[in-house]
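The primary structure of each chain is shown beneath.
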Amino acid sequence: MNVTVARLTVRGLLGRRSGILLLVVPALLLLVAVIARLTADTPEDLAATVLGRLGMGTLLPILALVVGTGVIATEIEDGSIVYLLAKPLPRHWIVTTKLTVAIAATWLLAAVPMLIAGLLLCGTRDGVAVAYAAGTLVAGAAYSALFLLLGVATRHAVVAGLGYALVWESLVGNFVPGARTLSIQQWGLSVAKSIAVQGSIAADVALTVAVPLLVVVAVASTLLAAVRLGGLTLAGEE
Amino acid sequence: MAVITIDRVSRWFGNVVAVNDVSMQIGPGVTGLLGPNGAGKSTLIHMMSGFLPPSAGEVALDGVPIWRNQEVYRAIGLVPERESMYDYLTGWEFVLANAELHGLADPAAAARRALGLVEMEYAQDRKTGTYSKGMKQRVKMASALVHDPAVLLLDEPFNGMDPRQRLQLMELLRRFGAEGRTVLFSSHILEEVEQLARHIEVVVAGRHAASGDFRRIRRLMTNRPHRYLVRSSDDRRLAAALIADGSTAGIEFDGQERALRIQAVDFQGFTTLLPRVAKDAGIRLYTVSPADESLESVFSYLVAS
(Lines give C-alpha, C1' and ligand atoms only; values in the text may rest on other atoms or scores of the structure.)
Protein backbone atom coordinates (compact mmCIF):
# COMPACT_ATOMS: atom_id res chain seq x y z
CA MET A 1 0.00 0.00 0.00
CA ASN A 2 1.43 3.36 -1.03
CA VAL A 3 -0.30 6.55 0.04
CA THR A 4 0.83 8.58 -3.00
CA VAL A 5 -0.34 5.92 -5.45
CA ALA A 6 -3.66 5.78 -3.59
CA ARG A 7 -4.05 9.57 -3.70
CA LEU A 8 -3.28 9.73 -7.42
CA THR A 9 -5.68 6.86 -8.08
CA VAL A 10 -8.55 8.45 -6.15
CA ARG A 11 -8.05 11.77 -7.90
CA GLY A 12 -7.86 10.01 -11.24
CA LEU A 13 -11.13 8.21 -10.55
CA LEU A 14 -13.02 11.29 -9.43
CA GLY A 15 -11.27 13.77 -11.67
CA ARG A 16 -12.40 12.23 -14.92
CA ARG A 17 -15.76 12.29 -16.62
CA SER A 18 -16.36 8.69 -15.58
CA GLY A 19 -16.56 10.09 -12.04
CA ILE A 20 -20.09 11.25 -12.82
CA LEU A 21 -21.07 7.79 -14.03
CA LEU A 22 -19.92 6.46 -10.67
CA LEU A 23 -22.57 8.57 -8.96
CA VAL A 24 -25.27 7.72 -11.49
CA VAL A 25 -25.18 4.03 -10.58
CA PRO A 26 -26.03 4.35 -6.84
CA ALA A 27 -28.45 7.20 -7.59
CA LEU A 28 -30.34 4.98 -10.01
CA LEU A 29 -30.58 2.13 -7.51
CA LEU A 30 -31.83 4.43 -4.76
CA LEU A 31 -34.31 6.08 -7.13
CA VAL A 32 -35.79 2.73 -8.14
CA ALA A 33 -35.96 1.68 -4.47
CA VAL A 34 -37.76 4.90 -3.52
CA ILE A 35 -40.24 4.53 -6.39
CA ALA A 36 -40.91 0.89 -5.43
CA ARG A 37 -41.36 1.85 -1.82
CA LEU A 38 -43.86 4.57 -2.68
CA THR A 39 -45.86 2.74 -5.31
CA ALA A 40 -45.83 -0.98 -4.47
CA ASP A 41 -48.24 -2.45 -1.94
CA THR A 42 -45.66 -4.91 -0.67
CA PRO A 43 -42.28 -3.44 -1.62
CA GLU A 44 -40.43 -6.31 0.06
CA ASP A 45 -41.64 -8.58 -2.74
CA LEU A 46 -39.59 -6.49 -5.15
CA ALA A 47 -36.34 -7.03 -3.23
CA ALA A 48 -35.18 -9.89 -5.47
CA THR A 49 -35.81 -7.83 -8.60
CA VAL A 50 -34.44 -4.49 -7.40
CA LEU A 51 -31.58 -5.64 -5.17
CA GLY A 52 -30.75 -8.98 -6.78
CA ARG A 53 -31.31 -8.45 -10.49
CA LEU A 54 -30.87 -4.71 -10.92
CA GLY A 55 -28.42 -4.08 -8.07
CA MET A 56 -26.16 -7.11 -7.97
CA GLY A 57 -26.90 -8.33 -11.48
CA THR A 58 -26.44 -5.15 -13.47
CA LEU A 59 -25.41 -2.05 -11.56
CA LEU A 60 -22.70 -3.65 -9.41
CA PRO A 61 -20.75 -5.19 -12.33
CA ILE A 62 -21.05 -1.96 -14.34
CA LEU A 63 -19.82 0.13 -11.44
CA ALA A 64 -17.02 -2.31 -10.62
CA LEU A 65 -16.02 -2.32 -14.28
CA VAL A 66 -15.79 1.46 -14.46
CA VAL A 67 -13.87 1.56 -11.17
CA GLY A 68 -11.68 -1.53 -11.70
CA THR A 69 -10.51 -0.48 -15.15
CA GLY A 70 -10.53 3.22 -14.25
CA VAL A 71 -7.93 2.79 -11.52
CA ILE A 72 -5.29 1.53 -13.95
CA ALA A 73 -6.36 1.01 -17.58
CA THR A 74 -6.67 4.72 -18.31
CA GLU A 75 -3.12 5.36 -17.10
CA ILE A 76 -1.78 2.49 -19.20
CA GLU A 77 -3.73 3.71 -22.21
CA ASP A 78 -2.46 7.31 -22.05
CA GLY A 79 1.06 6.34 -20.95
CA SER A 80 1.05 8.24 -17.65
CA ILE A 81 1.62 4.92 -15.82
CA VAL A 82 5.29 5.48 -16.70
CA TYR A 83 5.55 7.92 -13.80
CA LEU A 84 4.51 5.19 -11.36
CA LEU A 85 6.54 2.42 -12.93
CA ALA A 86 9.79 4.39 -13.31
CA LYS A 87 10.16 4.38 -9.54
CA PRO A 88 11.82 1.98 -7.10
CA LEU A 89 8.40 0.67 -6.07
CA PRO A 90 7.54 -3.04 -6.10
CA ARG A 91 4.87 -3.61 -8.75
CA HIS A 92 2.66 -5.56 -6.36
CA TRP A 93 2.46 -2.46 -4.16
CA ILE A 94 1.05 -0.51 -7.06
CA VAL A 95 -1.46 -3.26 -7.85
CA THR A 96 -2.59 -3.83 -4.26
CA THR A 97 -2.91 -0.09 -3.63
CA LYS A 98 -4.99 0.43 -6.74
CA LEU A 99 -7.09 -2.62 -5.91
CA THR A 100 -7.69 -1.28 -2.39
CA VAL A 101 -8.93 2.01 -3.85
CA ALA A 102 -11.13 0.15 -6.36
CA ILE A 103 -12.66 -2.07 -3.67
CA ALA A 104 -13.23 0.87 -1.32
CA ALA A 105 -14.93 2.84 -4.11
CA THR A 106 -17.09 -0.13 -5.10
CA TRP A 107 -18.12 -0.72 -1.51
CA LEU A 108 -18.91 2.93 -0.95
CA LEU A 109 -20.82 3.39 -4.18
CA ALA A 110 -22.53 -0.01 -4.38
CA ALA A 111 -22.69 -1.74 -0.99
CA VAL A 112 -23.79 1.31 0.98
CA PRO A 113 -26.56 2.26 -1.50
CA MET A 114 -27.54 -1.42 -1.60
CA LEU A 115 -27.98 -1.42 2.19
CA ILE A 116 -30.03 1.80 2.05
CA ALA A 117 -32.14 0.48 -0.83
CA GLY A 118 -32.66 -2.78 1.08
CA LEU A 119 -33.77 -0.94 4.19
CA LEU A 120 -36.15 1.18 2.10
CA LEU A 121 -37.73 -1.90 0.55
CA CYS A 122 -37.72 -4.39 3.41
CA GLY A 123 -36.72 -2.57 6.53
CA THR A 124 -34.85 -5.00 8.77
CA ARG A 125 -37.14 -7.91 7.89
CA ASP A 126 -35.41 -11.29 7.48
CA GLY A 127 -32.02 -9.58 7.37
CA VAL A 128 -32.48 -9.14 3.61
CA ALA A 129 -30.98 -5.64 3.42
CA VAL A 130 -27.82 -6.61 5.31
CA ALA A 131 -27.55 -9.86 3.34
CA TYR A 132 -27.64 -8.13 -0.05
CA ALA A 133 -25.15 -5.54 1.20
CA ALA A 134 -22.81 -8.32 2.35
CA GLY A 135 -23.21 -10.12 -0.97
CA THR A 136 -22.34 -6.86 -2.71
CA LEU A 137 -19.23 -6.47 -0.55
CA VAL A 138 -17.78 -9.85 -1.49
CA ALA A 139 -18.88 -9.78 -5.13
CA GLY A 140 -17.66 -6.15 -5.41
CA ALA A 141 -14.20 -7.16 -4.19
CA ALA A 142 -13.98 -10.06 -6.64
CA TYR A 143 -15.26 -7.97 -9.57
CA SER A 144 -12.75 -5.21 -8.73
CA ALA A 145 -9.82 -7.63 -8.75
CA LEU A 146 -10.96 -9.27 -12.00
CA PHE A 147 -11.57 -5.99 -13.82
CA LEU A 148 -8.29 -4.52 -12.58
CA LEU A 149 -6.55 -7.56 -14.05
CA LEU A 150 -8.36 -7.00 -17.35
CA GLY A 151 -7.22 -3.37 -17.24
CA VAL A 152 -3.58 -4.49 -17.03
CA ALA A 153 -3.87 -7.45 -19.38
CA THR A 154 -5.76 -6.04 -22.35
CA ARG A 155 -6.30 -2.75 -24.08
CA HIS A 156 -9.94 -3.75 -24.52
CA ALA A 157 -10.64 -4.16 -20.83
CA VAL A 158 -14.07 -2.50 -20.90
CA VAL A 159 -15.29 -4.66 -23.77
CA ALA A 160 -13.91 -7.81 -22.12
CA GLY A 161 -15.47 -6.83 -18.79
CA LEU A 162 -18.85 -6.09 -20.35
CA GLY A 163 -18.60 -9.38 -22.20
CA TYR A 164 -18.13 -11.23 -18.92
CA ALA A 165 -20.70 -9.34 -16.84
CA LEU A 166 -23.48 -8.85 -19.34
CA VAL A 167 -23.02 -11.65 -21.86
CA TRP A 168 -21.68 -14.47 -19.70
CA GLU A 169 -23.32 -13.77 -16.35
CA SER A 170 -26.62 -12.29 -17.50
CA LEU A 171 -27.32 -13.70 -20.95
CA VAL A 172 -25.61 -17.10 -20.94
CA GLY A 173 -26.33 -17.54 -17.24
CA ASN A 174 -30.04 -17.09 -17.94
CA PHE A 175 -30.22 -19.92 -20.41
CA VAL A 176 -27.42 -22.24 -19.29
CA PRO A 177 -27.71 -23.04 -15.59
CA GLY A 178 -24.16 -24.45 -15.48
CA ALA A 179 -22.75 -21.06 -16.44
CA ARG A 180 -24.04 -19.66 -13.17
CA THR A 181 -21.43 -21.69 -11.30
CA LEU A 182 -18.79 -19.43 -12.79
CA SER A 183 -20.58 -16.20 -11.98
CA ILE A 184 -19.35 -13.70 -9.41
CA GLN A 185 -22.92 -12.42 -9.15
CA GLN A 186 -24.13 -15.87 -8.11
CA TRP A 187 -21.29 -16.26 -5.60
CA GLY A 188 -22.32 -12.94 -4.06
CA LEU A 189 -25.96 -14.07 -3.97
CA SER A 190 -24.87 -17.29 -2.31
CA VAL A 191 -23.21 -15.31 0.48
CA ALA A 192 -26.31 -13.11 0.77
CA LYS A 193 -28.52 -16.20 0.95
CA SER A 194 -26.47 -17.62 3.81
CA ILE A 195 -26.95 -14.45 5.85
CA ALA A 196 -30.67 -13.78 5.31
CA VAL A 197 -33.47 -15.84 6.82
CA GLN A 198 -33.85 -19.10 4.92
CA GLY A 199 -36.02 -18.84 1.81
CA SER A 200 -35.85 -15.07 1.45
CA ILE A 201 -32.95 -14.98 -1.09
CA ALA A 202 -32.35 -17.51 -3.85
CA ALA A 203 -28.93 -18.50 -5.20
CA ASP A 204 -27.78 -21.22 -7.59
CA VAL A 205 -24.33 -21.89 -6.13
CA ALA A 206 -23.65 -23.50 -2.76
CA LEU A 207 -21.80 -21.41 -0.21
CA THR A 208 -19.05 -24.05 0.04
CA VAL A 209 -18.36 -23.53 -3.65
CA ALA A 210 -18.95 -19.78 -3.79
CA VAL A 211 -16.56 -18.70 -1.02
CA PRO A 212 -13.47 -20.60 -2.26
CA LEU A 213 -14.15 -19.40 -5.81
CA LEU A 214 -14.48 -15.80 -4.65
CA VAL A 215 -11.15 -16.07 -2.84
CA VAL A 216 -9.42 -17.79 -5.76
CA VAL A 217 -10.62 -15.19 -8.30
CA ALA A 218 -9.66 -12.25 -6.08
CA VAL A 219 -6.22 -13.57 -5.13
CA ALA A 220 -5.31 -15.00 -8.54
CA SER A 221 -6.41 -11.83 -10.34
CA THR A 222 -4.31 -9.68 -8.01
CA LEU A 223 -1.22 -11.87 -8.42
CA LEU A 224 -1.59 -12.02 -12.19
CA ALA A 225 -2.09 -8.27 -12.40
CA ALA A 226 1.14 -7.70 -10.42
CA VAL A 227 3.06 -10.05 -12.71
CA ARG A 228 1.62 -8.43 -15.84
CA LEU A 229 2.41 -4.95 -14.58
CA GLY A 230 5.98 -6.01 -13.80
CA GLY A 231 6.46 -6.93 -17.43
CA LEU A 232 4.49 -4.07 -18.91
CA THR A 233 6.14 -2.88 -22.09
CA LEU A 234 5.76 0.41 -23.85
CA ALA A 235 5.98 -0.44 -27.50
CA GLY A 236 7.72 2.18 -29.60
CA GLU A 237 5.50 4.53 -31.55
CA GLU A 238 7.77 4.10 -34.49
CA MET B 1 30.11 6.94 -12.74
CA ALA B 2 26.99 5.69 -14.45
CA VAL B 3 27.42 3.84 -17.74
CA ILE B 4 24.66 2.28 -19.80
CA THR B 5 25.88 -0.65 -21.84
CA ILE B 6 23.96 -1.95 -24.80
CA ASP B 7 25.48 -5.25 -25.77
CA ARG B 8 24.56 -6.84 -29.11
CA VAL B 9 20.95 -5.86 -28.62
CA SER B 10 18.20 -6.63 -31.09
CA ARG B 11 14.51 -6.02 -30.72
CA TRP B 12 11.85 -7.19 -33.05
CA PHE B 13 8.08 -6.83 -33.09
CA GLY B 14 6.65 -9.79 -34.98
CA ASN B 15 8.36 -9.70 -38.36
CA VAL B 16 9.62 -6.15 -37.98
CA VAL B 17 13.15 -5.65 -36.73
CA ALA B 18 13.21 -2.32 -34.90
CA VAL B 19 16.75 -2.59 -33.51
CA ASN B 20 19.32 -4.81 -35.14
CA ASP B 21 22.42 -6.02 -33.28
CA VAL B 22 23.33 -2.69 -31.70
CA SER B 23 26.20 -2.29 -29.24
CA MET B 24 27.08 1.01 -27.62
CA GLN B 25 28.11 2.53 -24.32
CA ILE B 26 26.62 5.71 -22.96
CA GLY B 27 28.84 7.33 -20.36
CA PRO B 28 28.91 10.62 -18.43
CA GLY B 29 28.34 13.78 -20.45
CA VAL B 30 25.69 14.58 -23.02
CA THR B 31 25.11 12.03 -25.76
CA GLY B 32 22.78 12.59 -28.67
CA LEU B 33 20.92 9.63 -30.11
CA LEU B 34 20.32 10.70 -33.66
CA GLY B 35 18.31 9.07 -36.38
CA PRO B 36 15.44 9.66 -38.76
CA ASN B 37 11.88 8.95 -37.66
CA GLY B 38 11.32 5.23 -37.32
CA ALA B 39 15.04 4.44 -36.97
CA GLY B 40 14.64 2.70 -33.61
CA LYS B 41 15.58 5.53 -31.25
CA SER B 42 12.48 5.22 -29.07
CA THR B 43 12.83 1.45 -28.98
CA LEU B 44 16.41 1.85 -27.75
CA ILE B 45 15.37 4.40 -25.12
CA HIS B 46 12.49 2.16 -23.98
CA MET B 47 15.00 -0.66 -23.50
CA MET B 48 17.43 1.63 -21.64
CA SER B 49 14.62 2.79 -19.38
CA GLY B 50 13.40 -0.72 -18.56
CA PHE B 51 10.11 -0.56 -20.43
CA LEU B 52 10.97 -3.05 -23.12
CA PRO B 53 13.02 -6.25 -22.91
CA PRO B 54 15.54 -6.81 -25.70
CA SER B 55 14.71 -9.76 -27.94
CA ALA B 56 18.43 -10.57 -27.90
CA GLY B 57 21.44 -9.12 -26.11
CA GLU B 58 21.53 -7.17 -22.87
CA VAL B 59 20.96 -3.62 -21.69
CA ALA B 60 22.62 -2.83 -18.35
CA LEU B 61 23.37 0.07 -16.06
CA ASP B 62 26.81 -0.28 -14.48
CA GLY B 63 26.72 -3.99 -15.25
CA VAL B 64 23.26 -4.59 -13.75
CA PRO B 65 20.48 -5.60 -16.19
CA ILE B 66 17.78 -2.93 -16.44
CA TRP B 67 14.75 -5.03 -17.46
CA ARG B 68 12.49 -6.00 -14.52
CA ASN B 69 14.78 -4.23 -12.06
CA GLN B 70 12.99 -1.40 -10.27
CA GLU B 71 16.05 -0.49 -8.25
CA VAL B 72 17.67 1.10 -11.33
CA TYR B 73 15.15 3.94 -11.08
CA ARG B 74 17.06 5.28 -8.08
CA ALA B 75 19.73 6.23 -10.60
CA ILE B 76 17.63 6.90 -13.71
CA GLY B 77 15.47 9.90 -14.48
CA LEU B 78 13.17 9.42 -17.44
CA VAL B 79 11.51 12.04 -19.63
CA PRO B 80 9.12 10.15 -21.91
CA GLU B 81 8.01 11.45 -25.27
CA ARG B 82 4.30 11.06 -24.61
CA GLU B 83 2.64 14.05 -23.04
CA SER B 84 0.06 12.53 -20.71
CA MET B 85 0.97 13.29 -17.13
CA TYR B 86 -2.02 13.36 -14.78
CA ASP B 87 -3.62 16.46 -16.24
CA TYR B 88 -5.79 16.94 -13.15
CA LEU B 89 -2.75 17.65 -10.96
CA THR B 90 -0.99 20.99 -10.68
CA GLY B 91 2.68 21.14 -11.62
CA TRP B 92 3.58 21.22 -7.93
CA GLU B 93 1.38 18.25 -7.06
CA PHE B 94 2.81 16.27 -9.97
CA VAL B 95 6.46 16.84 -9.10
CA LEU B 96 5.78 16.35 -5.39
CA ALA B 97 4.04 13.03 -6.11
CA ASN B 98 7.09 11.92 -8.08
CA ALA B 99 9.35 12.86 -5.16
CA GLU B 100 7.13 10.91 -2.76
CA LEU B 101 7.09 7.87 -5.04
CA HIS B 102 10.89 7.87 -4.91
CA GLY B 103 10.63 7.68 -1.13
CA LEU B 104 12.76 10.80 -0.63
CA ALA B 105 13.31 12.04 2.91
CA ASP B 106 12.06 15.56 2.19
CA PRO B 107 9.87 15.35 -0.91
CA ALA B 108 8.66 18.95 -0.71
CA ALA B 109 12.21 20.33 -0.69
CA ALA B 110 13.16 18.04 -3.60
CA ALA B 111 10.09 19.14 -5.60
CA ARG B 112 10.89 22.81 -4.94
CA ARG B 113 14.49 22.33 -6.06
CA ALA B 114 13.48 20.44 -9.22
CA LEU B 115 10.85 23.01 -10.24
CA GLY B 116 13.44 25.73 -9.63
CA LEU B 117 15.93 23.98 -11.90
CA VAL B 118 13.51 24.10 -14.82
CA GLU B 119 12.21 27.57 -13.85
CA MET B 120 8.62 26.50 -13.54
CA GLU B 121 7.81 27.85 -10.09
CA TYR B 122 5.70 30.61 -11.63
CA ALA B 123 3.21 28.09 -13.07
CA GLN B 124 3.46 25.37 -10.43
CA ASP B 125 -0.05 26.01 -9.09
CA ARG B 126 -1.72 25.60 -12.47
CA LYS B 127 -3.10 22.26 -13.60
CA THR B 128 -0.67 20.53 -15.98
CA GLY B 129 -3.55 20.03 -18.41
CA THR B 130 -3.46 23.78 -19.08
CA TYR B 131 0.28 23.84 -19.84
CA SER B 132 1.80 24.46 -23.26
CA LYS B 133 3.92 21.68 -24.76
CA GLY B 134 7.12 23.37 -23.64
CA MET B 135 5.85 23.83 -20.09
CA LYS B 136 4.81 20.19 -19.91
CA GLN B 137 8.25 19.20 -21.12
CA ARG B 138 9.90 21.22 -18.36
CA VAL B 139 7.65 19.82 -15.64
CA LYS B 140 8.37 16.33 -16.97
CA MET B 141 12.06 17.25 -16.65
CA ALA B 142 11.49 18.38 -13.07
CA SER B 143 9.79 15.08 -12.25
CA ALA B 144 12.76 13.22 -13.73
CA LEU B 145 15.28 15.31 -11.78
CA VAL B 146 13.50 15.25 -8.46
CA HIS B 147 15.68 12.45 -7.04
CA ASP B 148 18.91 13.89 -8.43
CA PRO B 149 19.61 10.93 -10.75
CA ALA B 150 23.00 10.03 -12.21
CA VAL B 151 21.37 9.14 -15.55
CA LEU B 152 18.87 11.20 -17.47
CA LEU B 153 17.09 9.68 -20.48
CA LEU B 154 15.06 12.00 -22.69
CA ASP B 155 12.99 10.88 -25.66
CA GLU B 156 12.69 13.68 -28.24
CA PRO B 157 12.73 16.34 -25.50
CA PHE B 158 12.70 19.34 -27.85
CA ASN B 159 9.53 18.39 -29.70
CA GLY B 160 7.05 21.24 -29.60
CA MET B 161 9.33 23.67 -27.79
CA ASP B 162 9.74 27.23 -28.93
CA PRO B 163 13.31 28.49 -29.57
CA ARG B 164 13.64 30.14 -26.17
CA GLN B 165 12.48 27.06 -24.28
CA ARG B 166 14.77 24.97 -26.46
CA LEU B 167 17.80 27.07 -25.52
CA GLN B 168 16.87 26.91 -21.84
CA LEU B 169 16.57 23.14 -21.91
CA MET B 170 19.83 22.80 -23.84
CA GLU B 171 21.60 24.94 -21.25
CA LEU B 172 20.18 22.77 -18.49
CA LEU B 173 21.23 19.52 -20.15
CA ARG B 174 24.69 20.93 -20.86
CA ARG B 175 25.02 21.74 -17.19
CA PHE B 176 23.98 18.24 -16.14
CA GLY B 177 26.49 16.78 -18.58
CA ALA B 178 29.24 19.03 -17.19
CA GLU B 179 28.35 17.87 -13.67
CA GLY B 180 29.27 14.34 -14.71
CA ARG B 181 25.77 12.95 -15.19
CA THR B 182 25.02 10.59 -18.01
CA VAL B 183 22.57 12.43 -20.23
CA LEU B 184 21.12 10.77 -23.32
CA PHE B 185 18.58 12.44 -25.55
CA SER B 186 17.10 11.36 -28.83
CA SER B 187 16.35 13.61 -31.74
CA HIS B 188 15.77 13.50 -35.45
CA ILE B 189 16.88 17.10 -35.86
CA LEU B 190 20.53 17.35 -36.78
CA GLU B 191 20.92 20.94 -35.60
CA GLU B 192 19.60 20.15 -32.12
CA VAL B 193 22.15 17.43 -31.66
CA GLU B 194 24.88 19.57 -33.13
CA GLN B 195 24.25 22.35 -30.63
CA LEU B 196 24.13 20.15 -27.58
CA ALA B 197 26.09 16.95 -27.84
CA ARG B 198 29.75 16.41 -28.55
CA HIS B 199 29.25 12.70 -28.62
CA ILE B 200 26.58 11.20 -30.85
CA GLU B 201 25.24 7.78 -31.64
CA VAL B 202 23.56 7.50 -35.01
CA VAL B 203 20.95 4.85 -35.76
CA VAL B 204 19.50 4.26 -39.18
CA ALA B 205 16.86 1.63 -39.92
CA GLY B 206 17.54 -0.11 -36.61
CA ARG B 207 21.28 -0.34 -37.14
CA HIS B 208 24.07 1.51 -35.42
CA ALA B 209 25.41 3.70 -38.23
CA ALA B 210 27.99 5.87 -36.50
CA SER B 211 29.36 6.66 -33.09
CA GLY B 212 31.72 9.27 -31.78
CA ASP B 213 32.58 12.93 -31.83
CA PHE B 214 30.04 15.01 -33.65
CA ARG B 215 32.60 17.14 -35.49
CA ARG B 216 34.29 14.12 -36.97
CA ILE B 217 31.00 12.77 -38.25
CA ARG B 218 29.92 16.18 -39.45
CA ARG B 219 33.16 16.49 -41.41
CA LEU B 220 32.27 13.29 -43.20
CA MET B 221 29.02 14.93 -44.12
CA THR B 222 30.53 18.19 -45.35
CA ASN B 223 33.01 16.44 -47.60
CA ARG B 224 30.28 15.15 -49.81
CA PRO B 225 28.89 17.19 -52.70
CA HIS B 226 25.89 19.37 -51.89
CA ARG B 227 22.97 19.57 -54.24
CA TYR B 228 20.74 22.58 -54.69
CA LEU B 229 17.64 23.36 -56.65
CA VAL B 230 17.71 26.95 -57.93
CA ARG B 231 15.10 28.97 -59.81
CA SER B 232 15.95 32.42 -61.12
CA SER B 233 14.90 35.07 -63.60
CA ASP B 234 17.47 33.73 -66.13
CA ASP B 235 18.51 30.16 -65.36
CA ARG B 236 20.79 29.66 -68.35
CA ARG B 237 22.83 32.82 -67.79
CA LEU B 238 23.11 31.99 -64.08
CA ALA B 239 24.31 28.47 -64.95
CA ALA B 240 27.00 29.84 -67.24
CA ALA B 241 28.25 32.25 -64.58
CA LEU B 242 28.27 29.60 -61.84
CA ILE B 243 30.08 26.87 -63.76
CA ALA B 244 33.03 29.21 -64.25
CA ASP B 245 33.74 28.95 -60.51
CA GLY B 246 35.59 26.03 -58.96
CA SER B 247 33.09 25.50 -56.15
CA THR B 248 30.49 24.27 -58.64
CA ALA B 249 30.99 20.70 -59.82
CA GLY B 250 28.06 20.35 -62.19
CA ILE B 251 24.83 21.97 -63.33
CA GLU B 252 21.83 20.39 -64.94
CA PHE B 253 18.77 22.12 -66.32
CA ASP B 254 15.64 20.35 -65.13
CA GLY B 255 13.03 21.08 -67.79
CA GLN B 256 10.19 19.56 -65.79
CA GLU B 257 10.88 21.54 -62.63
CA ARG B 258 12.00 24.55 -64.70
CA ALA B 259 14.96 24.88 -62.38
CA LEU B 260 18.71 24.33 -62.17
CA ARG B 261 20.08 21.35 -60.30
CA ILE B 262 23.46 22.40 -59.06
CA GLN B 263 26.12 20.21 -57.49
CA ALA B 264 28.52 22.16 -55.30
CA VAL B 265 31.83 20.81 -54.05
CA ASP B 266 32.63 23.55 -51.60
CA PHE B 267 29.65 24.25 -49.37
CA GLN B 268 31.02 27.50 -47.89
CA GLY B 269 32.31 28.75 -51.25
CA PHE B 270 29.06 28.06 -53.05
CA THR B 271 26.82 29.75 -50.52
CA THR B 272 28.76 33.00 -50.88
CA LEU B 273 29.25 32.60 -54.64
CA LEU B 274 25.62 32.16 -55.63
CA PRO B 275 24.19 35.48 -54.35
CA ARG B 276 27.27 37.37 -55.56
CA VAL B 277 27.13 35.94 -59.08
CA ALA B 278 23.39 36.54 -59.29
CA LYS B 279 23.75 40.14 -58.12
CA ASP B 280 26.63 40.90 -60.52
CA ALA B 281 24.67 39.50 -63.47
CA GLY B 282 21.45 41.27 -62.48
CA ILE B 283 19.62 37.94 -62.07
CA ARG B 284 16.91 37.52 -59.44
CA LEU B 285 16.91 34.34 -57.40
CA TYR B 286 13.42 32.91 -56.79
CA THR B 287 14.23 29.58 -55.16
CA VAL B 288 17.37 28.26 -53.54
CA SER B 289 16.70 25.00 -51.75
CA PRO B 290 19.08 22.25 -50.71
CA ALA B 291 18.03 19.12 -52.58
CA ASP B 292 19.65 16.51 -50.37
CA GLU B 293 19.93 18.06 -46.95
CA SER B 294 17.20 15.96 -45.43
CA LEU B 295 18.39 13.90 -42.53
CA GLU B 296 17.69 10.70 -44.39
CA SER B 297 20.09 11.65 -47.16
CA VAL B 298 22.72 12.68 -44.63
CA PHE B 299 22.32 9.32 -42.97
CA SER B 300 22.41 7.35 -46.16
CA TYR B 301 25.65 9.16 -46.95
CA LEU B 302 26.98 8.28 -43.52
CA VAL B 303 26.03 4.66 -43.93
CA ALA B 304 27.54 4.53 -47.40
CA SER B 305 30.80 5.98 -46.12
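Enquirer: Explain the layout of surface pockets here, please?
Expert: Empty space among the atoms becomes visible once a probe the size of a water molecule is rolled across them. All names here are of chain A. In this model, the largest pocket occupies a volume close to 450 Å³. Of all elements in the fold, only helix H3 (47-70), helix H8 (157-175) and helix H9 (184-195) reach the threshold of two or more residues within the lining of the largest pocket. Sort the elements by how many residues they give to the lining of the largest pocket and H3 lands first, with five residues. Here the lining of the largest pocket is built from residues that sort into six nonpolar, ten polar and four charged. Empty space within the second largest pocket amounts to approximately 380 Å³. Around the second largest pocket, the lining comprises 22 residues; the ones closest to its centre are Ala73, Thr74, Ile76, Gly151 and Thr154. Elements supplying a minimum of two residues to the lining of the second largest pocket: helix H1 (3-15), H3, helix H4 (73-78), helix H7 (128-153) and H8. Looking at the lining of the second largest pocket, its residues break down into nine nonpolar, nine polar and four charged.

Enquirer: Explanation requested: empty space enclosed by the protein in the structure shown.
Expert: Throughout the structure, instances matching the rule amount to three cavities of 30 Å³ or more. Volume-wise, the largest cavity comes out at about 70 Å³. Lining the largest cavity we find Val82(A), Tyr83(A), Ala86(A), Lys87(A), Ile76(B), Gly77(B), Leu78(B), His102(B), Ser143(B), Ala144(B) and His147(B). Elements that contribute at least two residues to the lining of the largest cavity include exactly helix H5 (82-85) of chain A together with strand E6 (76-79) and helix H4 (133-145) of chain B.

Enquirer: Can you help me understand the pattern of salt bridges in this one?
Expert: Two side chains carrying opposite charge are able to pair once their charged atoms lie near each other. Residue and element names in this part refer to chain B. In the structure shown here, the tally under the stated rule is 16 salt bridges over all chains. One salt bridge connects glutamate 171 with arginine 174, and the closest N-O pair in it is separated by 3.4 Å. Placement of the pair is glutamate 171 and arginine 174 together in helix H5 (residues 163-178), with a separation of three residues, close to one helical turn. Sharing partners across several salt bridges, the network here consists of Asp148, Glu179 and Arg181.

Enquirer: Looking at this structure, how should I read unusual backbone geometry?
Expert: Excluding glycine, most residues fall at negative phi; most peptide bonds, likewise, are trans. Residues and elements named next belong to chain B. Even without glycine at this site, aspartate 62 takes up a positive phi of about 50 degrees. Among the structural elements, aspartate 62 can be located in the loop between strand E4 (56-61) and strand E5 (64-65). Residue aspartate 62 is classed as partly exposed on the basis of its relative accessible area of 45%. Backbone geometry places glutamate 156, a non-glycine residue, at a positive phi of 45 degrees. Of note, glutamate 156 is situated in the loop between strand E7 (151-154) and H5. Here glutamate 156 falls in the buried class, since its relative accessible area comes to 6%.

Enquirer: I keep staring at the interface of chain A and chain B and nothing clicks. Help me out?
Expert: You'll often see interface size given as the accessible area lost when the parts meet. Between chain A and chain B, the residue contacts involve 34 residues of the former and 34 residues of the latter. Between chain A and chain B the total buried area reaches about 3100 Å² when both faces are included, carbon and sulfur atoms providing 59% of it. Linking chain A to chain B there are two salt bridges. Glu100(B) serves as the salt-bridge partner of Arg7(A), at 3.0 Å between the closest nitrogen and oxygen. Between chain A and chain B we count eleven residue pairs in polar contact (both at pLDDT 80 or more) in total. Broken down by secondary-structure element, the contributors of at least two residues to the side of chain A that touches chain B are H1, H4, H5 and helix H10 (207-230) of chain A.

What counts and what doesn't
Residues numbered from 1 in each chain as written. Chains lettered and ligands numbered in written order. Predicted model: local features only at pLDDT ≥ 70, side-chain atom pairs only at ≥ 80, totals over all residues. Heavy atoms only, no water. 1 Å grid on protein atoms, 1.4 Å probe; cavity = no way out; pocket = protein on both sides within 12 Å on 5 of 7 lines; lining within 4 Å. Points joined across faces, edges and corners; volume = space filled by probe spheres on them. Helix = DSSP H or I, 4+ residues; strand = E, 2+ residues; numbered from the N terminus. Nonpolar A, V, L, I, M, F, W, Y, C, P; charged D, E, K, R; others polar. Salt bridge = Lys/Arg side-chain N within 4 Å of Asp/Glu carboxyl O. Buried < 20%, exposed > 50% of the residue type's maximum accessible area, 1.4 Å probe, protein only. Contact = heavy atoms within 4.5 Å. Buried area = accessible area lost by both parts, 1.4 Å probe. Polar contact = N/O pair within 3.5 Å; in protein donor to acceptor, adjacent residues only side chain to side chain.

The analysis is restricted to geometry; functional conclusions fall outside its scope.
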